[in-house]
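Residue-level structure breakdown
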Amino acid sequence: MTGASQGRVHIVGLGPGAPEWITPEAAQALDEASDIIGYFPYVARIALKSGQTAHASDNRVEIDRARQALQLAASGRRVAVVSGGDPGVFAMAAAVFEAVAHGEPAWRDLDIQVMPGISAMQAAAAKLGAPLGHDFCAISLSDNLKPWDVVAKRLRLAAEADFVIALYNPASKARPHHIFQAFDILRDVKDGATLVVFARAVGRPDEAITVTTLREADPAQVDMSTLVLIGSSETRSIERTHGPAFVYTPRSYGRSET
Ligand code: SAH
């Protein structure tokens, strides 16, 4: 057996933050890894065992990180590439497959597997009730990898199509105005009474969830640790005397009163 055939890349989802929201499969992949590669805050969440090497990097170099993982695996290392949430949602899995598609032919025959995680929208939805109970979509507001025109078009059409919309990467220090532009588009299309949720740091000690309306929502409240959910016309809340309101989207469309 050659070293290359033992090498592998496991692309591992760490979930939104809480350790109980990481699958046993993902935990095992981390446990068995010789090398752990990822954006430094995610790598910092992992308790390294002796003999494990961490390669923490800055966020902007996903493709380099993916190539490094594949090179290490080709030399026989057992690599875990880590992402927060699910690695397939605005995260490292796509970067690894892009690197495979454009890289060394031998990389195609490596043992490459994706270990899913709980994505931020699922974690936020679970805390709220069932806001993703009917058709929904997810849009990243980051324009690092696509022009803002594309983001704006998708937002407008998703709003017109009355999807529940999960907004990832809603604000960055470099582009704080994006979330304001997004809300301008949404307010142009949707009713002011549409439910809006700001779910910040879900599953972490500083978790904060705000349920409001499109009319009243203050986009200035949103930061990079926030997942924004925009309701469809059917999304409703259930107020409670004790505890925060539940938010849900009924499974049947246009018949929510029955
Ligand atoms: N792969 C990740 C998403 C990476 S993009 C996933 O599946 O969740 C990064 C964005 O995800 C953040 O800007 C934020 O919008 C969202 N996010 C990640 N973790 C979060 C958390 N714990 N709470 C709320 N939003 C989170």
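Residues numbered from 1 in each chain as written. Predicted model: local features only at pLDDT ≥ 70, side-chain atom pairs only at ≥ 80, totals over all residues. Heavy atoms only, no water.

On to the packing of helix α4 (residues 62-74) against helix α5 (residues 92-102). How two helices sit against one another is set out by the angle between their axes and by the gap between those axes. At a closest axis distance of 8 Å, the pairing of α4 and α5 adopts a crossing angle of 65°. Put simply, α4 runs roughly perpendicular to α5. Every pair of crossing elements has a handedness; the one defined by α4 and α5 is right-handed. Every residue of α5 that contacts α4 at Glu 62, Ile 63, Arg 65, Ala 66, Arg 67 and Leu 70 is listed here: Met 92, Ala 95, Val 96, Glu 98, Ala 99 and Val 100. For the contact of α4 with α5, the class distribution of residues is 8 nonpolar, no polar and 4 charged. (Axes fitted to C-alpha atoms, helices over the stretch in contact; angles between N-to-C directions. Helix = DSSP H or I, 4+ residues; strand = E, 2+ residues; numbered from the N terminus. Parallel < 35°, antiparallel > 145°, perpendicular 65-115°, else oblique. Left-handed = near helix turned anticlockwise from the far one by under 90°. Contact = heavy atoms within 4.5 Å. Nonpolar A, V, L, I, M, F, W, Y, C, P; charged D, E, K, R; others polar.)

A separate point is the nonpolar core. Grouped together as the largest cluster of nonpolar side chains are 24 residues, with contacts concentrated most on Ile 139, Leu 141, Leu 155, Ile 165, Leu 167, Phe 183 and Val 228. Only β7 (136-140), α7 (148-160), β8 (164-168), α8 (178-189), β9 (195-200) and β11 (226-230) provide two or more residues apiece to this core. A per-element tally of this core places α7 first, with 6 residues. In contact with Leu 167, not counting residues within four places along its chain, are Ile 139, Leu 141, Leu 155, Ile 179, Thr 226, Leu 227, Val 228 and Ile 230. With 18 residues, the next largest nonpolar core counts Ala 66, Ala 93, Ala 99 and Val 100 among its residues. (Core = buried A, V, L, I, M, F, W, Y, C linked by side-chain atoms within 4.5 Å. Buried < 20%, exposed > 50% of the residue type's maximum accessible area, 1.4 Å probe, protein only.)

We now examine the sheet that holds strand β12 (residues 236-238). If you walk across this open sheet you meet the 3 strands as β6-β13-β12, and the pairing is mixed. Of all the strands in the sheet, just β6 (129-130) and β12 have a single pairing partner and so form its edges. Pairing of β12 with strand β13 (residues 246-248) involves 3 bridges; the strand directions are antiparallel. Residue Ile 238 lies in a different strand from β13, and its bridge partner there is Phe 246. (Pairing = 2+ DSSP bridges.)

Here we come to helix α6 (residues 120-128). A turn of α-helix holds 3.6 residues, and therefore any two residues three or four places apart point the same way. For α6, the full list of buried residues reads Met 121, Ala 123, Ala 124, Ala 125 and Leu 128. After α6 finishes, the residue Gly 129 shows a positive phi value of roughly 140°.

On domain assignment, one finds that the protein chain holds domain 1 (4-118) and domain 2 (121-248). Using only C-alpha atoms to locate each centre, domain 1 and domain 2 end up separated by 28 Å. In this complex, domain 1 contributes 9 residues to the contact, which on the side of domain 2 involves 13 residues. The junction of domain 1 with domain 2 conceals about 840 Å² of combined surface from both sides, 64% of it contributed by carbon and sulfur atoms. Counting across the domain 1 and domain 2 interface gives 2 residue pairs in polar contact (both at pLDDT 80 or more). Looking at the side of domain 1 that touches domain 2 residue by residue, the classes come out as 6 nonpolar, 2 polar and 1 charged. (Domains from an automatic or database assignment. Buried area = accessible area lost by both parts, 1.4 Å probe. Polar contact = N/O pair within 3.5 Å; in protein donor to acceptor, adjacent residues only side chain to side chain.)

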